[in-house]
Amino acid sequence: MTAPLHDLMMDYPLTLTHFFERGEKLWAKKTIATRIPGHPPFRYTYADFAERTKRLAGVLDRFGLGRGDRVATFAWNSHRHLELYWAAPMTGRVLHTLNIRLAAPDLIYIINHAADSVIFADASVWPILAGIRDKIPTVKKIVIMRDTPDAVVPDGLDDYDTLLAAARPVSGWPKLDETTAAGMCYTSGTTGNPKGVVYTHRAMFLHCLAQSMADQFGISENDVILHIVPMFHANSWCVPFTGTMVGATHVFAGPNPQPRDIAEIIQRERVTFTGAVPTVWIAIKDLCEKEGFDISSLRTIAIGGSAAPRHLQESFEKQFGVVMSHAWGMTEMTPLGTVGRLKSYMKAWDYDRQLDVRSRVGYPSVGVDARIVDDEGRELPWDGVAMGELQVRGPWVLKSYYDNPASADRFTADGWFRTGDVATIDAEGYVQITDRTKDLIKSGGEWISSVDVENMIMAHPKVLEAAVIAVPHPKWVERPLACVVPKPGVTLEPAEIVEFLRPQLAKWALPDEVAVIEAVPKTSVGKFDKKVLRDRFKDWRPKE
Ligand code: AMP
C-alpha cells in the first residue's frame, strides 16, 4: 500500500479578498485617478483606496446588511465605484451594477427582481432613480456619491463621503467560500425580461488571471489603464478587478465622458491600455485626425462588444501606431470569451493576411471551451466555412441565470451555454461572429430588442404590422429602422410612430426613421422574414 497521493495541496479559496490583501501590501504607492469635468482629476493612492474600502465595508455593516444582500450601484466610472467593486463582495455581499441608461420599466423590473437592499448612486444620475423610487420597495437606503464638485445631496439621503469619514474601517475580511456570489449584472441581450447573471468569487479570480496573461490583454503593473467601458456593463470587462490585482495605475473616465475627454486623458496620463466598443474608437479616430491628439502611449486597445471594422484596426495601426486587440465576450461570461492576437508565425505573413486574422475575434481564451453546432446540435468542423451556433463552457461561464427557470433552454443537455451568436471557426482556432440568432440591434454598445420595439409599434391604432431591423450606421455601428405597414385605407406619417414611441423607449432605442411599406415579407412558416427586409434596405443610409 502506498500512502495517499490524492488532494495533498491546500484548500485555499479563490476569492477576490486575496487580490485585495496582497495589493494593499504591494501597491500602496501606486495611484488611482478620476476625471472631474471642468476640474483637475481627483487622485489618491492604493493605500488611500484600501483604507476607504475598509471604511465602506464598515458602512455596509452599519447598514445591517447580511451575507448575500445586494448592494447596487448606479454610477459612472470612478474611484468610488471601484471601492464598491471590492467592499461589497469581500464582505460577502453581492455587487449589483445597474445600467444607468435603461428605461424606467426595465430598471424597476431589475431592481425588484434582484431585490436590491441599497443603491449607491452618482448625484448626476440620481434624478433618473428619483422618478422610480416609490416602485422599488426592497431598497431601504440610497446613498449619493457627489461625482461633480457642485453636486448636492437631496434631503433625506446619505452622502457617501460623509458616511465614509464617520465610519470605522473593518479590521479584517470574512473567510468566504470561493463559490460565494460576488457580483451580478443583468443582460438585456435577448427578448423578454432582462436576465440576471451572478458571478462567483472563483469565476472572477480565474478570469482576472487569464485576462492579465501576456497572450491575452497582458495587463501588468506597468500599465496605466483608462476605464471607459461602463462599470455597469459586464464588470467593465472585469478590467478594474484585473488592474487592481496587478497594481496597474487606474484612471477612471468619470461622469459622461465624451470622445474629447478620452483623447485628452490618454494624452495627458500617458495611458497604455484601454478598451471600448467600436463606436467610441470611430469617434476618437475622427478627433485625432482633426486635432492631432497624441495617443502613441497606448500599447493595446481592446475593442469588442460588437464587430470591430477591419478598416478601423488598420487606421489605428497605420495612422497612430496603436494595435487593437479584437475580443468577443458576453455578460454571461464575466465577460471574456476570445481575444484576437496573432500567433508568432503569422507575423511573417503579408499585412493583408494578418489583418484578415485580426478582423476575426481571436481564439478562445484559456479556460473557455468553444464549439460550433448545427441546428441538430451536431458539432461542426473548424474550417472557417461551416457556420453554426457558438457554444461555450468554462469556469467563468454561467451555469444558470438567476431565478429564471424559463431560460433553461440556453443550456445544452451536455453542459454547454448557447451564446445565441452564429460563428465560423477556422483551422487556426480563430472565431468569426457572422450573425446573431435573434434579430437584435446593437447601437453604440447598447442592445435594442427589435421585437420589443415592434410590439410597441404594433400597438399603434393605425398600424397593421411592423418589423424593426438593424441598418449600418457610421457612428453607432447599427441603428434601428422601423418598417411599418399601415392598416388598409389609412394614411400614416412616419413622425406619428416616432412620437408614439418616444415616451416608451430610452432615447438611444428610438428608431430615427420609419419606412412605410406595403407588407412585411414572411417565411414559409409565416414568421417575419427579416433577411429579406435587411436585403431590401441594405443600401439605406441614415439622414444626417
Ligand atoms: P453583452 O452581454 O451586452 O456584452 O453582449 C454580448 C454580445 O455582443 C455577444 O453575444 C455578441 O453578439 C456581441 N459581441 C460581443 N463582442 C463582439 C465582437 N467582437 N464582434 C461581434 N459581436 C460581438
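Refer to the structure presented above.
Residues numbered from 1 in each chain as written. Predicted model: local features only at pLDDT ≥ 70, side-chain atom pairs only at ≥ 80, totals over all residues. Heavy atoms only, no water.

(A) Expanded view of helix α9 (residues 259–269). The complete set of buried residues in α9 reads Asp261, Ile262, Ala263, Ile265, Ile266 and Glu269. Arginine 270 lies just past α9 and shows a positive phi near 55°. (Buried < 20%, exposed > 50% of the residue type's maximum accessible area, 1.4 Å probe, protein only. Helix = DSSP H or I, 4+ residues; strand = E, 2+ residues; numbered from the N terminus.)

(B) Structural detail: the sheet that holds strand β14 (residues 323–329). Here we have nine strands laid out as an open sheet, ordered β2-β1-β11-β10-β12-β13-β14-β15-β16, and mixed in their pairing. Both edges of this open sheet fall to β2 (39–45) and β16 (363–364), since each of them pairs with a single strand only. Pairing analysis gives three bridges linking β14 to strand β15 (residues 336–339), with the strands arranged antiparallel. What sits directly across from tryptophan 328, in β15, is threonine 338. (Pairing = 2+ DSSP bridges.)

(C) Region of the structure containing the pattern of salt bridges. Scanning the model with the defined rule gives 36 salt bridges in all. The partner of arginine 202 in a salt bridge is glutamate 178, and the shortest N-O contact between them spans 3.3 Å. Remark: glutamate 178 occurs in the loop between α6 (160–166) and β8 (181–187) and arginine 202 occurs in helix α7 (residues 201–212); sequence separation between them is 24 residues. Take arginine 202: its relative accessible area is 31%, and that puts it in the partly exposed class. When the shortest N-O distance is used, the salt bridge between aspartate 356 and arginine 310 registers 2.3 Å. Residue aspartate 356 is located in helix α12 (residues 351–359), and its partner arginine 310 is located in helix α11 (residues 310–320); the two are separated by 46 residues in the primary sequence. On the basis of relative accessible area, aspartate 356 is assigned to the partly exposed category, the value being 33%. Taking relative accessible area as the criterion, arginine 310 reaches 28% and is therefore assigned partly exposed. Here the salt bridges share partners, and the residues they tie into one network are Arg52, Arg80, Glu83 and Asp161. (Salt bridge = Lys/Arg side-chain N within 4 Å of Asp/Glu carboxyl O.)

(D) Expanded view of the environment of serine 443. Checked against the element boundaries, serine 443 lands in strand β21 (residues 440–443). Relative accessible area serves as the criterion here: at 5%, serine 443 is assigned to the buried category. Separated by 296 residues in sequence, serine 443 and aspartate 147 place their C-alpha atoms 27 Å apart. The contacts of serine 443, once residues within four sequence positions are left out, are Ile448, Trp476, Glu478, Arg479 and Trp508. Here the side chain of serine 443 touches glutamate 478 through a polar contact of 3.1 Å, landing on its backbone oxygen. (Contact = heavy atoms within 4.5 Å. Polar contact = N/O pair within 3.5 Å; in protein donor to acceptor, adjacent residues only side chain to side chain.)

(E) The arrangement of the packing of aromatic side chains in detail. Counted under the stated rule, the structure contains 17 aromatic pairs. Considering the side-chain rings of tryptophan 86 and phenylalanine 241, the 5.1 Å spacing of their centres and the 65° angle between planes classify their relative orientation as edge-to-face. Taken as a pair, tryptophan 86 in helix α3 (residues 79–90) and phenylalanine 241 in helix α8 (residues 239–246) lie far apart in primary sequence, 155 residues in all. For the pair tryptophan 86 and phenylalanine 241, a shared accessibility class is recorded, and that class is buried. The interplanar angle of 45° and the centroid separation of 5.5 Å between the aromatic rings of phenylalanine 217 and phenylalanine 273 together place this pair among those described as tilted. In this pair, phenylalanine 217 is assigned in the loop between α7 and β10 (224–227) and phenylalanine 273 in strand β12 (residues 273–276), connecting sequence segments 56 residues apart. (Phe/Tyr/Trp six-rings, centres within 6.5 Å; stacked < 30°, edge-to-face > 60°.)

(F) The arrangement of the nonpolar core in detail. Judged by nonpolar contacts, the single largest core of 84 residues is most densely connected at Trp86 and Phe120. Residues from two domains meet in this core; each of domain 1 (27–211 + 229–251) and domain 2 (367–438) gives at least three. Excluding residues within four positions of it along the chain, phenylalanine 120 makes contact with Leu56, Leu60, Phe63, Val71, Ala72, Thr73, Phe74, Leu84, Val143, Met145 and Tyr160. Judged by nonpolar contacts, the second largest core, of 28 residues, contains Ile110, Ile119, Val139 and Ile144. (Core = buried A, V, L, I, M, F, W, Y, C linked by side-chain atoms within 4.5 Å. Domains from an automatic or database assignment.)

(G) Up close: the sheet that holds strand β3 (residues 70–74). What the seven strands build is an open sheet, ordered β7-β6-β5-β3-β4-β8-β9; its pairing is mixed. Single-partner strands in this sheet number two, and they are β7 (158–159) and β9 (195–200). Both strand β5 (residues 118–122) and strand β6 (residues 141–145) contribute to a ladder of five bridges, which runs parallel. Bridging from a neighbouring strand, phenylalanine 120 pairs with valine 143 of β6.

(H) Fine view of the packing of α3 against α8. In contact at an axis separation of 11 Å, α3 and α8 are set at 80° when each is read in the N-to-C sense. Taken together, the axis directions place α3 and α8 in an arrangement best described as roughly perpendicular. Packed against α3, whose contacting residues are Leu82, Tyr85 and Trp86, the element α8 presents Pro240, Phe241 and Thr244 at the interface. (Axes fitted to C-alpha atoms, helices over the stretch in contact; angles between N-to-C directions. Parallel < 35°, antiparallel > 145°, perpendicular 65-115°, else oblique.)

(I) Highlighting the packing of helix α1 (residues 16–26) against α7. It is the contact of α1 with α7, at a shortest axis distance of 8 Å, that shows an interaxial angle of 55°. As summarised for this structure, α1 and α7 are arranged oblique, according to the angle between their axes. Residues Leu16, His18 and Phe19 of α1 pack against His201, Met204, Phe205, Cys208 and Leu209 of α7. Its residues assigned to classes, the contact of α1 with α7 shows six nonpolar, two polar and no charged. (Nonpolar A, V, L, I, M, F, W, Y, C, P; charged D, E, K, R; others polar.)

(J) Fine view of the site of the ligand. By nearness alone, 16 residues border the ligand, and His326, Ala327, Thr331, Asp421 and Trp447 come closest of all. Histidine 233 has a polar side-chain atom sitting 3.2 Å from an oxygen atom of the ligand. Within the contact set of the ligand, an oxygen atom lies 2.6 Å away from a side-chain nitrogen or oxygen of aspartate 421. Out of a free accessible area of 500 Å², the ligand has 94% covered by protein chains. Of the residues that constitute the shell around the ligand, the class distribution is six nonpolar, seven polar and three charged. (Near = heavy atom within 4 Å. Areas by Shrake-Rupley, 256 points an atom, 1.4 Å probe, with all protein chains shown as cover.)

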